[in-house]
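Each chain is listed here by its residues.
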Amino acid sequence: AFPGQRAKVRLLRGTSDKGVLRSVSPKVVEAGGEVTTVGNASSFDVATSEVRYQSPDAKDAADAVAQAYRRQGMYLADRIVRGDWPTLRMVKRRR
């Protein structure tokens, strides 16, 4: 795939775990995502991870990215709409 052909993914860390982006990023790429931004969320006490997408055409790509999160020990909590963005909310499995 060439740049622009893959789903664009922004990875924003919202926890104190500094290694989380390093472990998730390769999985997102394997799932077909193009990581365009890596940075911090607005806070570090975020309880869920979210996969948001703008277009109904991007649903399959969003599901593939969510699958990458599942391989990191998370599960799909629900599908919601946040603003105009369909959103998949991912939650860490409790051990």
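Below is a summary of the structure that appears in this document. Note that the coordinates shown come from a computational prediction; the quantities given were computed from them, not determined experimentally.

Along its length, the chain carries two helices and five strands. What you see in the chain, going N to C, is helices and strands ordered as β-α-β-β-α-β-β. The C-alpha radius of gyration of the chain comes to 13 Å, within 12% of the 12 Å expected for a compact globule of 95 residues. Once the C-alpha set of the chain is aligned to its principal axes, its extents read approximately 35 × 25 × 25 Å. Relative to its full complement of 95 residues, the chain shows a buried share of 22%. Once local pairs closer than 6 in sequence are excluded, the contacts in the chain between residues at least 24 apart make up 60%. For the chain, the exposed surface amounts to about 6400 Å²; the carbon and sulfur share of it is 49%. For the chain, the distance from the average position of its 18 positive side-chain charges to the average position of its 10 negative side-chain charges is 7 Å.

The next subject is the sheet that holds strand β3 (residues 49–52). In space, the three strands of this open sheet follow the order β3-β5-β4, with antiparallel pairing throughout. Lying at the two open borders of the sheet, with one neighbouring strand each, are β3 and β4 (74–82). The average undirected angle you get between the axes of adjacent strands in this sheet is 25 degrees. Those strands touched by helix α2 (residues 59–70) are β3, β4 and β5 (85–92), and its axis lies near 10 degrees from that of β5.

Following the criterion strictly, the structure yields five salt bridges and no others. Among the salt bridges present, the one from Lys59 reaches Asp63, with a minimum N-O distance of 2.8 Å. A residue pair is termed a helical-turn pair when its members lie 3 or 4 positions apart in one helix, as Lys59 and Asp63 do in helix α2 at four residues. Each of the salt bridges in this network shares a partner with another, and the network as a whole consists of Glu50, Arg52 and Arg82.

Moving on to α2. The end-to-end C-alpha separation of α2 is 16 Å, in line with the 16 Å expected for 12 residues at 1.5 Å each. Looking only at α2, the buried set comprises Ala62, Val65, Ala66, Ala68 and Tyr69. Down the axis of α2, the sector holding all buried residues measures 150 degrees, keeping them to one side. Buried residues along α2 sit against β1 (7–13), α1 (20–30), β3, β4 and β5.

Mapped onto the fold, Arg13 is located in strand β1. Buried and without a salt bridge, Arg13 has Asp17 as its closest oppositely charged side chain, separated by 6.9 Å. Setting aside anything within four residues of it in sequence, one finds Arg13 in contact with Lys18, Val20, Leu21, Gly39, Asn40, Ala41, Ser43 and Phe44.

Cut-offs and rules
Residue numbers run consecutively from 1 along every chain, following the written order of its sequence. For this predicted model, a pLDDT threshold of at least 70 governs which residues receive local features, and a threshold of 80 or more governs which side-chain atom pairs are given and counted, while totals over whole chains, interfaces and linings are taken from all residues. Each side-chain value is worked out from all heavy atoms of the structure, with water and hydrogens disregarded. Per the convention used, a helix needs a DSSP run of H or I reaching at least four residues, while a strand needs a run of E reaching at least two, with both numbered from the N terminus. As defined in this context, the radius of gyration uses C-alpha atoms, and a globule is described by 2.2 Å times the residue total to the power 0.38. Throughout, exposure labels follow a simple rule: accessible area from a 1.4 Å probe, protein chains only, divided by the maximum for the residue type, with under 20% read as buried, over 50% as exposed, and the rest as partly exposed. Throughout, a contact is declared for two residues whenever any of their heavy atoms are within 4.5 Å. Here the Shrake-Rupley method, with its probe set to 1.4 Å, supplies the accessible areas, and only the displayed protein chains count as covering residues. Note on charges: Lys and Arg go in the positive column, Asp and Glu in the negative column, and His and the chain ends are not counted at all. The atoms used to mark charge sites are NZ of Lys, CZ of Arg, CG of Asp and CD of Glu. For two strands to pair, DSSP has to find at least two bridges joining them. Working convention: axes come from line fits to C-alpha atoms, limited for helices to the stretch in contact. Angles between N-to-C directions cover 0 to 180 degrees. The salt bridge criterion pairs a side-chain nitrogen of Lys or Arg with a carboxyl oxygen of Asp or Glu, the two atoms within 4 Å. Expected helix span is given by 1.5 Å per residue-to-residue step, counting one fewer step than there are residues. An arc is given here, and it is the one of the directions from the helix axis to the C-beta atoms.

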